[in-house]
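These are the residues of each chain, in order.
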Amino acid sequence: MGINPGDHGDLSVTVEAYLALRILGVSRNDPQMRRSRSFILSAGSIARVSFITRVYLAMFGLYPWIAVQSLPSELILLPQHIPSSICRWPAMDRSALIPLLILCHHRPIFKLPTQECAASAYLNELWCKPEEPPEKAFGGAFPTGISNAIAPVSKSTDLIGRFLNGLTYFFPLRRYALYRSVEFILETIREMGGVGHLARPLHMAMLALKLEGYSVQSCPLRTGLDYLEHLVYEDEAGKRILSVNTTVCDSSLMITGLGDAGIPLDSPWLRKSLQWLQSLSLSDGNNNTSKIFDTRIFRVDDVAAAIYAVI
C-alpha cells in the first residue's frame, strides 16, 4: 500500500492498515490481506517499520517498547540557541513531537479488542522469523528511511536518550519536562492552530493528556475531541477520519483558479462551492460573514486562501 497512486508501497502505512483491518475482523486469508502480508515480508517485516508505527504497535503490546527509539522528555528543556532545540522546529513538527515525549515516558500498553490470541502473537504472520525472540529481531533493524550513512548517528542518539532516561531517578527534571510538555499541548489546544488540521498529532495530544491524568470529560480533552470531529466525514461508503483536513484550502484554491480561468460565478457547482466556504465563516457582529473565519480550527494560510476566494 503506497501513500500515492503508483507508489511501490510504504511498509509502515501497510502495517498500520493491516493492523486496523485485523482489529475490524478481516480474515488473514482475505486476498488483499495476503497481498499486503507478502509485501510487508518482502520489505523487511515489522522489524523495519518507522518510528511512529513502532509507537502505535508498542501501545498494543505488539512491539517491545525497548525497540522504540528513546525520546526523553527532557528534550523540551533544551535552550533555543542549541541547534537541536525543539524551539527551533517548525510548529507542525513540534505539535507532533511533544505529545510523543509524554507517550514515550509512560509507555502505555492497551488491550487489543479481541480474545483471538495473545497480543504478542497477534501479528506473528508479519515476521520474517516468527520463532525469533522480538528483542533479537529488533536488535539490528533500523526503520525504513534511515540510510546506512546516518544509522550510526541514530544509534548514538538513541543510546544518549536511554542514558538520560536512566538519570530520571537522580535528577528531578523529568517531572518538570512533562509539565512543560503538557503546558504546550494545552496552549496548542486552546489556539488549535498547530494540530487542528492533522488527525495524528491531535490524537496523540489527547492520548498524552489522558496519560497525564486528564479525564475524558475535562475541558481540554472535550475541546480536542470536538475539533477532531472536524476531520470526520461520512458518505455512502461509511464514516472515516481524514488524516489531514485540507478541504478548506483545496476548495479555496480551486474556486480562485476557476475564477481566474473565466468560469462564470453563477455556475451551479461554483456557486455551491462558494456557499459551502461561506458557511464556515463566523459573524463579526455586523452581518459581515464573508471574511471572518475561525483560526482556532483552520490554519492561518487556509484562512488567507479562503478570504481571497470569497472576496
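Here is a short report on the structure shown in this document. Keep in mind it's a predicted model, so treat the numbers as computed, not measured.

**A look at helix H2 (residues 31-42)**
Owing to its 3.6 residues per turn, the α-helix brings residues three or four apart onto one side.
Right, on to step 1. In a regular helix each residue adds 1.5 Å, so twelve residues correspond to 16 Å; H2 covers 17 Å between its end C-alpha atoms and thus fits that length.
Right, on to step 2. Turning to H2, its buried residues number three or more, namely Met-33, Ser-36, Arg-37 and Ile-40. All buried residues of H2 project into a common sector of 100° when viewed along the axis, lining one side. Turned more than 90 degrees away from the buried face of H2, the exposed residues are Pro-31, Arg-35 and Ser-42.
Right, on to step 3. Buried residues belonging to H2 abut helix H1 (11-23).
Right, on to step 4. Its side-chain oxygen 2.9 Å from the backbone nitrogen of Gln-32, Asp-30 forms the N-cap of H2.
Right, on to step 5. A positive backbone phi angle near 115° is found at Gly-44, which sits one or two residues after H2.

**As for the pattern of salt bridges**
Right, on to step 1. Under the definition given, this model contains five salt bridges.
Right, on to step 2. Of the charged contacts, one joins Arg-174 and Glu-74 as a salt bridge, the two residues approaching to 2.9 Å between their closest N and O atoms. Residue Arg-174 is located in helix H7 (residues 173-191), and its partner Glu-74 is located in the loop between helix H3 (51-59) and helix H4 (91-106); the two are separated by 100 residues in the primary sequence. Across this residue pair, the class does not change: Arg-174 and Glu-74 are buried.
Right, on to step 3. For the salt bridge of Arg-175 with Glu-212, the shortest nitrogen-to-oxygen distance reads 2.3 Å.

**A closer look at the pairing of strand S1 (residues 232-235)**
Right, on to step 1. The pairing of S1 with strand S2 (residues 238-241) spans four bridges and is antiparallel. When the bridges of S2 are listed, Asp-235 appears paired with Gly-238.
Right, on to step 2. Counting the residues in the hairpin turn of S1 and S2 gives two residues.

**Digging into the packing of aromatic side chains**
Right, on to step 1. Considering all chains together, one arrives at one aromatic pair under this definition.
Right, on to step 2. Ring centres of Tyr-176 and Tyr-179 lie 6.3 Å apart, and the angle between their planes is 25°; this geometry places the pair in the stacked category. Within this pair, Tyr-176 and its partner Tyr-179 are both found in helix H7, separated by three residues, close to a single helical turn.
Right, on to step 3. For Tyr-176, a relative accessible area of 41% gives the class partly exposed.
Right, on to step 4. Residue Tyr-179 is classed as partly exposed on the basis of its relative accessible area of 46%.

**Regarding the packing of H1 against H2**
Right, on to step 1. Between H1 and H2, the shortest axis-to-axis distance is 10 Å and the interhelical angle comes to 145°. Of the two possible hands of crossing, H1 and H2 adopt the one that is left-handed. Between H1 and H2, the contacting residues are Leu-11, Thr-14, Val-15, Tyr-18, Leu-21 and Arg-22 on the first element and Met-33, Ser-36, Arg-37, Phe-39 and Ile-40 on the second.
Right, on to step 2. Split by residue class, the contact of H1 with H2 holds seven nonpolar, two polar and two charged.

Reading the values: rules and limits
Residues numbered from 1 in each chain as written. Predicted model: local features only at pLDDT ≥ 70, side-chain atom pairs only at ≥ 80, totals over all residues. Heavy atoms only, no water. Helix = DSSP H or I, 4+ residues; strand = E, 2+ residues; numbered from the N terminus. Expected span 1.5 Å × (residues − 1). Buried < 20%, exposed > 50% of the residue type's maximum accessible area, 1.4 Å probe, protein only. Arc of directions from axis to C-beta. Contact = heavy atoms within 4.5 Å. Polar contact = N/O pair within 3.5 Å; in protein donor to acceptor, adjacent residues only side chain to side chain. Salt bridge = Lys/Arg side-chain N within 4 Å of Asp/Glu carboxyl O. Pairing = 2+ DSSP bridges. Phe/Tyr/Trp six-rings, centres within 6.5 Å; stacked < 30°, edge-to-face > 60°. Axes fitted to C-alpha atoms, helices over the stretch in contact; angles between N-to-C directions. Left-handed = near helix turned anticlockwise from the far one by under 90°. Nonpolar A, V, L, I, M, F, W, Y, C, P; charged D, E, K, R; others polar.

So, to be careful, I would describe these as geometric facts and stop short of saying anything about function.
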